[in-house]
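# Chains, contacts and geometry: an overview
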Amino acid sequence: MIKIFISHKQEDSYTANKIANELKAMNIPYYLDVLDFSTTGSGKELTDHIKQNLNDCTDIIVVMSEHTRYSQWVPFEVGMSAQNDMPTATFLQENVSLPDFLVYWPRLKQPSDIRKYIAARKTVQHEYALKYQFETAETRRSQTARFYDVLKRTL
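Residues numbered from 1 in each chain as written. Predicted model: local features only at pLDDT ≥ 70, side-chain atom pairs only at ≥ 80, totals over all residues. Heavy atoms only, no water.

### Describing the environment of Arg140
Assignment of secondary structure puts Arg140 in helix α5 (residues 137-154). Residue class for Arg140 comes out partly exposed when judged on its relative accessible area of 31%. Apart from residues lying up to four places away in sequence, Arg140 is in contact with Asn84, Asp85 and Glu135. (Helix = DSSP H or I, 4+ residues; strand = E, 2+ residues; numbered from the N terminus. Buried < 20%, exposed > 50% of the residue type's maximum accessible area, 1.4 Å probe, protein only. Contact = heavy atoms within 4.5 Å.)

Written out as structure tokens, the structure is:
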């Protein structure tokens, strides 16, 4: 099962909602904080809330714009996901230059690229389900790297 965490700066909520709508149309579960009213805190409460929701997801799509450079939470979410070898892609809201730490991941540029992302993920998941009975940290890293190769070829 795939569940996508949509990471974004509040000013990019419109784009994040477009991604959510595309996922919803494909019946792919996702987490988007602008739709989550369960926490109003900050500090540790908010950090724990983000960690919990990120841990409930399998993938992360990071909305990138000029606003992102001022975010304290987007880099935190990306760092958490990278630590867990979560499949990651950036969604470029505009022609923005990416920070070095985000250049490696596939770049989505339009809503139709979300469908390519999901197709590539399902293809690689199926390949690995046939090949490996149990998931280990090594197979997860290998599967994520294979996913990046497949997706980058389709974009």
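### Re the pattern of salt bridges
Scanning the model with the defined rule gives 7 salt bridges in all. Its salt-bridge partner being Asp113, residue Lys116 comes within 3.6 Å of it at the nearest N-O pair. With Lys116 and Asp113 both in helix α4 (residues 112-131), this residue pair falls 3 residues apart, about one helical turn. The class for Lys116 is partly exposed, based on a relative accessible area of 31%. Note that Arg146 is salt-bridged to Glu127, the shortest N-O span being 2.9 Å. Taken together, the residues Arg146 in helix α5 and Glu127 in helix α4 connect sequence positions 19 residues apart. (Salt bridge = Lys/Arg side-chain N within 4 Å of Asp/Glu carboxyl O.)

Don't take any of this as a statement about function, it's just geometry.
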